[in-house]
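# Residue-level structure breakdown
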Amino acid sequence: MQYPVKSSIRVIGTMLLAREYDNKDVCIMGYPQEVASNGRQFLLKTTDQKNIQVVLSQPIGEHLDGMVQVRGKFDGQRIQAESYNLLLPELTGDFDDNTYNEAVKFLSK
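Under an unreviewed UniProt entry, the protein has the name Replication protein A 14 kDa subunit and belongs to Daphnia pulex. Heading Subcellular location (unreviewed entry) of the UniProt record for the protein holds this comment: "Nucleus". Quoted verbatim from the Sequence similarities (unreviewed entry) field of UniProt, the annotation for the protein is "Belongs to the replication factor A protein 3 family."

See the structure below:
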């Protein structure tokens, strides 16, 4: 059985903080910083160096290290995450944040 894939808009932190994407489904890349003691929230430092709070429906079951991709609804202050993917260091070792940021901005026009 196939389930419909929910569409989300790829964004960077600056775009979220400009409040253009309130109540929208978004996809964002970044680096987890501080995980709450309950394991259901963490601070994400985005590829453009902004801090965005991420809230999960279930506690994190693994150590978050490196780069993650988060999908969820941005409520104007935080992302209510539907999912997150930890990206393998082998795939992100030479990831260029600045080039990625420029590509996201270009594609959002």
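### Thoughts on the overall build of the protein
Secondary structure summary: the protein contains three helices and six strands in total. In summary, the protein has a C-alpha radius of gyration of 14 Å against a globular reference of 13 Å for 109 residues, a match within 12%. Projected onto its principal axes, the C-alpha positions of the protein cover 35 × 35 × 30 Å. Relative to its full complement of 109 residues, the protein shows a buried share of 39%. Considering only contacts within the protein whose residues lie at least 6 apart along the sequence, 48% involve residues at least 24 apart.

### Comments concerning unusual backbone geometry
The backbone phi angle of Arg 19 is positive, close to 65°, even though this residue is not glycine. Within the element layout of this structure, Arg 19 appears in the loop between helix H1 (13–17) and strand S2 (24–35).

### Section: the side chain of Asn 101
Tracing the backbone through its elements, the reader meets Asn 101 in helix H3 (residues 97–107). On the accessibility criterion, Asn 101 (5% relative accessible area) is buried.

### Brief notes about the packing of aromatic side chains
Working definition: an aromatic ring pair is given by the centre-to-centre distance plus the angle between the planes. The final tally for this structure, using the stated rule, is two aromatic pairs. Centre to centre, the rings of Phe 42 and Tyr 84 are 6.4 Å apart; their planes meet at 75°, and the pair counts as edge-to-face. Separated by 42 residues along the polypeptide, Phe 42 in strand S3 (residues 41–46) and Tyr 84 in strand S6 (residues 78–86) bring together distant segments of the chain. The exposure class assigned to Phe 42 is buried, which follows from its relative accessible area of 0%. Measuring from ring centre to ring centre gives 5.4 Å for Phe 95 and Tyr 100, while their planes differ by 50°; the resulting arrangement is tilted. Residue Phe 95 is classed as partly exposed on the basis of its relative accessible area, which comes to 28%.

About the criteria used
- Residues numbered from 1 in each chain as written.
- Predicted model: local features only at pLDDT ≥ 70, side-chain atom pairs only at ≥ 80, totals over all residues.
- Heavy atoms only, no water.
- UniProt positions renumbered as here; feature names shortened; annotations may be inferred.
- Helix = DSSP H or I, 4+ residues; strand = E, 2+ residues; numbered from the N terminus.
- Rg over C-alpha atoms; globule rule 2.2 N^0.38 Å.
- Buried < 20%, exposed > 50% of the residue type's maximum accessible area, 1.4 Å probe, protein only.
- Contact = heavy atoms within 4.5 Å.
- Phe/Tyr/Trp six-rings, centres within 6.5 Å; stacked < 30°, edge-to-face > 60°.

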